[in-house]
Amino acid sequence: MSGCDRHIVLLVLDADGVLTDGRITIDEKGTHVRAFDVRDGMGIRLWREAGGTTAVLSSRSCPAVAMRAREMQVDHVLEGHDAKVPALQRLLGELGLSAEQACFVGDDLLDLAAMQTCGYAIAVADAAPEVCAAACYVTRHAGGRGAVREAVEHLLRRQDRWDEVVSRYHADAGRTA
C-alpha cells in the first residue's frame, strides 16, 4: 500500500460527473436540474464521522450543487473554477494542509491537474480514459451512482479505519451490558 493514502484528511470532489451522473436537465423555465445519489451523501457522512474534511470543487456554479452540498454538510464549496489547482492550493493553505493530505475525485479532463496535485487521485468508473489512467483507484460505480460512497469506503479501508466507522452503526453500538 502506498503510504500517501494513509495521511488523507481532505476529500475533494468534482460535482458534475462525480456527485451527479453528468447529465444536466433543463426545464421549461430554464432551470438546470441535477440528480444526486443518497449513497454519496452517506459516504460524505462517513468521511466526516471519521474526522475527515470535505470539499466540492467545480468548474460550474449551480444552485442545486450548492444546496445538496449544504444538505450533506460539505465543509467547503468552491464553484466556478475552471482552473482548479489555484483554488485547491488556496483551500489547502487555509486549512494548513499539504497536497499529500488531499484526495481528489474526478471524471473529466478539467480534473486532471487537481488529481495530479493531490496525494491520492480517484476516478469514477465512467471517467475519461486519461482521468482513469491518472488515478490511483478507479471506482466500480459511475459518477452520481454511489462512486463517492465507494471512494470513501476505499480510503477508510486503506487507512484501516473502516471497521471502526462501521461499528458505530451496529444495532448494539453504544449499549451497555
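Data block above holds the structure.
Since we're looking at a predicted model, the values are computed, not measured.

**Points about helix 2 (residues 63-71)**
- Within helix 2, the full set of buried residues consists of Val65, Ala66, Arg68 and Ala69. Looking straight down helix 2, one finds that the buried residues subtend no more than 165° of arc, so they occupy a single side. Across from the buried face of helix 2, at angles greater than 90 degrees, the exposed residues are Pro63, Arg70 and Glu71.
- Contact partners of the buried residues in helix 2: helix 1 (38-49), strand 4 (53-57) and strand 5 (76-78).

**Remarks on the packing of helix 1 against helix 6 (residues 147-158)**
- Running from N to C, helix 1 and helix 6 cross one another at 30°; their axes reach a closest spacing of 6 Å. Considering their axes alone, helix 1 and helix 6 lie roughly parallel with respect to each other. Note on packing geometry: the crossing formed by helix 1 with helix 6 is left-handed. Taking contact as the criterion, the partners of Arg39, Asp40, Met42, Gly43, Ile44, Leu46 and Trp47 in helix 1 are, on helix 6, Ala147, Val148, Arg149, Val152, Leu155 and Leu156.
- Tallied by class, residues from the contact of helix 1 with helix 6 come to nine nonpolar, one polar and three charged.

**Side note on the environment of Val166**
- Tracing the chain through its elements places Val166 in helix 7 (residues 162-167).
- The exposure class assigned to Val166 is partly exposed, which follows from its relative accessible area of 27%.

**Some points on the sheet that holds strand 7 (residues 120-123)**
- Across the sheet, which stays open at both edges, the six strands sit in the order 5-4-1-6-7-8 with parallel pairing between neighbours. Lying at the two open borders of the sheet, with one neighbouring strand each, are strand 5 and strand 8 (137-138).
- Summarising the sheet, strand 6 (residues 102-106) and strand 7 pair through four bridges and their orientation is parallel. Pairing of Phe104 across the sheet is with Ala121, part of strand 7.
- Against the sheet, helix 3 (residues 84-95) makes contact with strand 1 (10-13), strand 4, strand 5 and strand 6, and its axis sits at roughly 155° relative to strand 4, the strand it touches most.

**Here's the deal with the pattern of salt bridges**
- Across all of its chains, the model carries 13 salt bridges by this definition.
- Among the ionic pairs, Asp21 bridges to Arg23, the shortest N-O distance being 2.8 Å.
- For Arg23, a relative accessible area of 56% puts it in the exposed group.
- Its salt-bridge partner being Arg168, residue Glu164 comes within 3.3 Å of it at the nearest N-O pair.
- Residue Arg168 is classed as partly exposed on the basis of its relative accessible area, which comes to 39%.
- When salt bridges with common partners are traced through the structure, they connect Asp14, Lys84 and Asp111 into a single cluster.

**Brief notes about helix 6**
- For helix 6, built from 12 residues, the straight-helix expectation of 16 Å at 1.5 Å per residue is met to within 8% by its first-to-last C-alpha distance of 16 Å.
- Every buried residue of helix 6 is accounted for by Ala147, Val148, Glu150, Ala151, Val152, His154, Leu155 and Leu156.
- The inward-facing, buried residues of helix 6 contact strand 1, helix 1, strand 6, strand 7, strand 8 and helix 7.
- Looking one or two places after helix 6, you find Asp160, whose phi comes out positive at around 55°.

**Focus: the layout of surface pockets**
- Its volume calculated, the largest pocket comes out at about 170 Å³.
- Here the residues of the lining of the largest pocket sort into one nonpolar, three polar and seven charged.

**Focus: unusual backbone geometry**
- Despite not being glycine, Gln73 shows a phi value in the positive range, around 60°.
- Relative to the elements of secondary structure, Gln73 occurs in the loop between helix 2 and strand 5.
- At Asp160, a residue that is not glycine, the phi angle is positive and equals roughly 55°.
- Following the sequence through the fold, Asp160 ends up in the loop between helix 6 and helix 7.

What counts and what doesn't
- All residue numbers refer to position in the chain's written sequence, counted from 1.
- A pLDDT threshold of at least 70 governs which residues receive local features in this predicted model, and a stricter bar of 80 or more applies before side-chain atom pairs are shown or counted, although totals over entire chains, interfaces and linings include all residues.
- Only hydrogens and water are set aside when side-chain values are computed; all heavy atoms of the structure are taken into account.
- Exposure is judged per residue with a 1.4 Å probe applied to protein chains only, and the accessible area is read against the type maximum: over 50% gives exposed, under 20% gives buried, and values in between give partly exposed.
- A run of H or I in DSSP counts as a helix once it spans at least four residues, and a run of E counts as a strand once it spans at least two, with each numbered from the N terminus.
- Arc, as used here, means the arc of the directions from the helix axis to the C-beta atoms.
- Two residues qualify as a contact provided that any one of their heavy atoms is within 4.5 Å of a heavy atom in the partner residue.
- Axes, fitted as lines to C-alpha atoms, cover a helix only where it is in contact. Angles between the N-to-C directions of the axes lie from 0 to 180 degrees.
- Should an angle fall under 35 degrees it is taken as roughly parallel, and over 145 as roughly antiparallel, whereas 65 to 115 is taken as roughly perpendicular and any remaining angle as oblique.
- With the far helix as reference, a near helix turned anticlockwise by less than a right angle produces a left-handed crossing, and one turned clockwise produces a right-handed crossing.
- Polarity classes work like this: nonpolar for Ala, Val, Leu, Ile, Met, Phe, Trp, Tyr, Cys and Pro, charged for Asp, Glu, Lys and Arg, and polar for all others, with Gly in that last group.
- The criterion for strand pairing is that DSSP finds at least two bridges linking the strands in question.
- Salt bridge criterion: a side-chain nitrogen from Lys or Arg within 4 Å of a carboxyl oxygen from Asp or Glu.
- Residue count minus one, scaled by 1.5 Å, sets the expected span of a helix.
- Grid points spaced at 1 Å over the protein atoms alone were grouped into cavities, where a 1.4 Å probe fits but cannot get out, and pockets, open sets with protein on both sides within 12 Å along at least five of seven lines, with lining residues defined by an atom within 4 Å of a point.
- Grid points are joined across faces, edges and corners, and a volume is the space filled by probe spheres set on the points.

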